[in-house]
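# A closer look at the structure
Single-letter residue listing:
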Amino acid sequence: MPGEYAGDAPGLRGYLFAHRYGEGDDRLHRFYLPALERSVRYDRATGFFSSSALAVAAAGVARLIANGGHMRLLVGAALSQEDVEAIVHGADLRAVVQERLLQGLVTVETLLERERLAALAWLVAEGRLELRVVLPLGWDGQPLAAAEAAPYFHAKYGVFTDAAGDRVAFVGSVNETAAGWVQNYEELSVYFSWDESRRYLEDIAARFERLWQGEEHRWRTLTLPEAVQQKLLQYRPEEPPLYDPLERVQVPVSEV
């Protein structure tokens, strides 16, 4: 049954994932942690850049750190209508995007967010996380304001890859808040490279790669502005995180 180990295989095939996780399912322990501890790469597309959205995208990545893995993360920038008008009239796009991204890190409201950001900061510092910004463009070729761009960021998805080249992909629902995570509002559909769902996985992986390389029609892809990277690095811990902040750690009987 889903959530159990499938024989002795060490990679992604060695765990019986479900094809769907919904409300009430323990996605962290039954999906993210088993996937990340078996992966050497994690590609993730999330919503608009904020401490809360990053905290959701970073669910379980302490296991990826322990496994020596690498992560690529795509995020959106929530531009205001004034930002777009400024860009149309000649303002530097990267400068405008940088300001909006920095505002997304102004307030870290919960310990969960802070500890998840610490995991991402560790990966950045070690050269194991690349983060790029994607902006949907209107018919005039200019970035869309957040109100118009929101539909483009509805689906959140990711792809896990293990050392053998096997992959697991998922598509999630719109909820990208830390509160939504804890209260289990998100739903995930899951696809595998070794069964009949492979074609859906390949579509997801190809979509990510086109966005990452800046090859998707009517999208602009930017590298993370240096000031934003430096702000994120302020959350780097002295030691690599060993556990996700929501992970249940089993204490040996001898220590009780």
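Up top is the structure.
Figured I'd write up the structure that's included with this text. (Residues numbered from 1 in each chain as written. Predicted model: local features only at pLDDT ≥ 70, side-chain atom pairs only at ≥ 80, totals over all residues. Heavy atoms only, no water.)

This next bit is on the overall build of the protein. Secondary structure assignment for the protein yields 10 helices and 8 strands. The buried share of the protein, reckoned over its 256 residues, is 49%. For the protein, the proportion of contacts with a sequence separation of at least 24, taken over those separated by at least 6, is 73%. A total accessible area of about 12,200 Å² is found for the protein, and carbon and sulfur atoms account for 50% of it. (Helix = DSSP H or I, 4+ residues; strand = E, 2+ residues; numbered from the N terminus. Buried < 20%, exposed > 50% of the residue type's maximum accessible area, 1.4 Å probe, protein only. Contact = heavy atoms within 4.5 Å. Areas by Shrake-Rupley, 256 points an atom, 1.4 Å probe, with all protein chains shown as cover.)

What follows concerns the pattern of salt bridges. Taken as a whole and judged by the stated rule, the model has 15 salt bridges. Measuring nitrogen to oxygen at the nearest pair gives 3.4 Å for the salt bridge that ties Arg 41 to Asp 43. Overall, Arg 41 belongs to the partly exposed group, its relative accessible area being 35%. What makes Asp 43 buried here is its relative accessible area of 5%. (Salt bridge = Lys/Arg side-chain N within 4 Å of Asp/Glu carboxyl O.)

The set of residues buried in helix H5 (residues 93-103) consists of Leu 93, Val 96, Val 97 and Leu 101. Down the axis of H5, the sector holding all buried residues measures 130°, keeping them to one side. The secondary structure elements touched by the buried residues of H5 are strand S3 (70-76), helix H4 (81-88), strand S4 (129-136), strand S8 (219-223) and helix H10 (226-233). One side-chain oxygen at the N-terminal end of H5 lies 3.4 Å from the backbone nitrogen of Arg 94; it belongs to Asp 92. (Arc of directions from axis to C-beta. Polar contact = N/O pair within 3.5 Å; in protein donor to acceptor, adjacent residues only side chain to side chain.)

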